[in-house]
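Analysis of the macromolecular model
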Amino acid sequence: MIALSTQDITLEFGGEVILSEVSFAINDGDRLGIIGVNGAGKSSLFKIITGEYAPTSGAVYVQKGHTVGMLSQNADLTALPRDISCLEYMYTAHPELIALEGEISATEEALAEAAKSGKEALTMSLTARLAEQTARFSAGGGLEFRSRCRGMLLRLGFDEEMIERNIGTLSGGQYTRLALARLLATEPDILMLDEPTNHLDIDALSWLEGFIASYKKTVLIISHDRFFLDRTTNKTLWLRYGKARLYNGSYSRCKEQSEAEAASLEKRYKEQQKEIAKIKANIEFQRRCNREHNFVTIRSKEKQLARMEKIELAPKDEKNIRLSFATEEESAGEVVKVENLAFSYGGATLINNLSFLIRRYERVMLLGPNGCGKSTLMKLLNSLLVPTRGKITLGYNIKIGYYDQENRGLCPTNTVFEELRLEYPDKTDLELRSTLALFLFDADDITRTVSTLSGGERARLTLAKLILKKVNLLIMDEPTNHLDIGSCEALESALLAFDGTIIAVSHDRYFINKIATRIIELAPERDNGMLDYPLESYDDAFLEYMARREARRTAVAEKLTVVSDSRADYEQKKRENAKRRSEERQRARAEEKIAALEEELEALEEELFGSAASDYVRAAEIDTRKAQIEEELLELYEIVM
């Protein structure tokens, strides 16, 4: 059954057409990936579906009774309660259960009051109401929703301390993860996620992939994470030049289909053009002959051309950034040497006893869970922070180019052009304008202030500043954040062509797969603070890393098993003897307990049919206790048998 469809959606802003006659339909259970360059209208389409934007024309149809939930890429923090904990905020995803808890509590209080007052009819009525409310609470997941909320936060990278922190203390990235967790907890019929992989580490990404893969309802995902799209989607909507095309399959399958269709169309176009050229040449020849029967042929050929359905080439892909990194003269063989490095902040140790050596031409990816110190290490390498202990030694003739994921090197009040002019005063205006054009900043864009730029535009401006610097060591912190897929691919090509050394932090597994020649996984719990993975296959770096990571964990588990095997027989005999003695003691205690419970049960039955016969509250208490005793007796009988 169709869960969601759009019919000829058109959206215009200030005379500019963002979306033009966008139509598609998806069924219950579909997982749709939405791709396109920055500015293609992906987020606008989401807002039309949720009703935040009204389309210029067209309509959206959502199956009756279906709930819709959306995670925005840049969530609004202002309306959020600031003085409750993250866990309390998660509970608000279940208002019906919280309301039912309140009703149960009120009923319990009323029941106690009615029992004290001796109002038998009211007591019976309230008892029945309480039983019904409790049943509904249990059936709706009331007994486990709190533990589920805590578990979801833990899986998305919140530790126990963060779970109990007030929301007002969270960073933007932490709040985005909290908003994602709360949305997932509501389980809407149509789940809409705009760049959900931002701010998630690799383990959290893997969990989210599994969650979405097992989600039985409909999912729409906007993402530039190609690895994530391939693992979570079964359909792809590609927005290009305001138009939309729906493909069956994930991102990679969609791209293959698109390329195959474009190649087939181009082949047919060229064949048709050859045929048209032949017909026109024939017409021209007939005209030169200038005889009556020739004019009949000319008219016939002209009609043939007019009837021909002309094949048009597919529109070219939207412009992508173009870049290459200027290289300084060759560096020393040992580029960076880190020895016993430690860094503490606010009493907390982020990095401890870290040592490694990076050599010329290596492309090293730093991985690890959020909060393990990856960005801190990047700043230490770039001398933006001072180590608490240890040292970092750069090799001879090292020239660093640094990409900061927060784009802190940009001044909000500068124009785009001023950012480059102030950084490179020796460059001509033509050189600077040409550089900005490579990053899709046109004549109007370069006069805009940095404060008005989107996240993707800021990322492109930071890269534009970086490529004009001659370097032989690139230090890059999440360089693919905010870039669309085409820009990510252009960056990957430039880095692969870079004749120098690269140290990068990234959660983009597609990017890691293509770039890395070595992966260092920060592990603060280890004595040396890291795990080192030199790679053999550079085309599948991330997949090799995951395989070797799993192999290492398996080897550690097997080693622990081997160590314990030497004591296995001895420990087994000890356990068997201890178990036998324990069972004997347990049987003796069970027999004593059985006697006591049977005596209590007999006394309760006498009371139930005696003094409690007209006391409904006491009778209910006795019934409850009898059920408990009978259940306990069954367990004890099994022990002594």
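Residues numbered from 1 in each chain as written. Predicted model: local features only at pLDDT ≥ 70, side-chain atom pairs only at ≥ 80, totals over all residues. Heavy atoms only, no water.

Points about the state of the cysteines
Scanning the entire structure with this criterion turns up zero disulfides. With no disulfide partner, cysteine 86 has as its closest neighbouring cysteine sulfur the one in cysteine 149, 12 Å distant. Take cysteine 372: it sits in no disulfide, and the sulfur closest to it among the cysteines is that of cysteine 86, at 20 Å. (Disulfide = S-S within 2.5 Å.)

Considering the packing of helix α13 (residues 416-423) against helix α15 (residues 455-467)
One way to put it is that α13 packs onto α15 with a least axis distance of 10 Å and a crossing angle of 25°. The pairing of α13 with α15 is recorded here as roughly parallel in orientation. Crossing handedness for the pair α13 and α15: right-handed. Of the residues in α15, those touching α13 at Val416, Glu419, Leu420 and Glu423 are Leu461, Ala464 and Lys465. Considered class by class, the residues forming the contact of α13 with α15 number four nonpolar, no polar and three charged. (Axes fitted to C-alpha atoms, helices over the stretch in contact; angles between N-to-C directions. Helix = DSSP H or I, 4+ residues; strand = E, 2+ residues; numbered from the N terminus. Parallel < 35°, antiparallel > 145°, perpendicular 65-115°, else oblique. Left-handed = near helix turned anticlockwise from the far one by under 90°. Contact = heavy atoms within 4.5 Å. Nonpolar A, V, L, I, M, F, W, Y, C, P; charged D, E, K, R; others polar.)

Considerations on the pattern of salt bridges
The full count for this structure, using the stated rule, is 35 salt bridges. With a closest N to O distance of 3.9 Å, glutamate 423 and lysine 465 form a salt bridge. Here the residue glutamate 423 occupies a position in helix α13, and lysine 465 occupies one in helix α15, the gap between them amounting to 42 residues. We classify glutamate 423 as partly exposed; its relative accessible area is 36%. (Salt bridge = Lys/Arg side-chain N within 4 Å of Asp/Glu carboxyl O. Buried < 20%, exposed > 50% of the residue type's maximum accessible area, 1.4 Å probe, protein only.)

Some words on unusual backbone geometry
Residue tyrosine 361 is not a glycine yet carries a positive backbone phi of 75°. Judged by its relative accessible area of 36%, tyrosine 361 falls in the partly exposed class. Of note in this structure, glutamate 478 is not a glycine but carries a positive phi near 50°. Relative to the assigned elements, glutamate 478 resides in the loop between β15 (473-477) and α16 (485-497). Classification of glutamate 478 by relative accessible area gives buried; the value is 5%.

Side note on the packing of aromatic side chains
Under the counting rule described, the total for this entry stands at nine aromatic pairs. Ring centres of tryptophan 207 and phenylalanine 211 lie 5.4 Å apart, and the angle between their planes is 35°; on these two criteria the pair is classed as tilted. One end of the pair is tryptophan 207 and the other is phenylalanine 211, both in helix α8 (residues 202-214) and four residues apart, which spans about a single turn. Residue phenylalanine 211 is classed as buried on the basis of its relative accessible area, which comes to 14%. Chaining the aromatic ring pairs together yields one cluster made of Phe227, Tyr533, Phe542 and Tyr545. In this arrangement the basic side chain of arginine 182 is found over the ring face of tyrosine 89, its NZ or CZ atom lying 5.3 Å from the centre. (Phe/Tyr/Trp six-rings, centres within 6.5 Å; stacked < 30°, edge-to-face > 60°. Lys NZ or Arg CZ within 6 Å of the ring centre and 35° of its normal.)

Remember that the coordinates give geometry; whether it matters functionally is a separate question.
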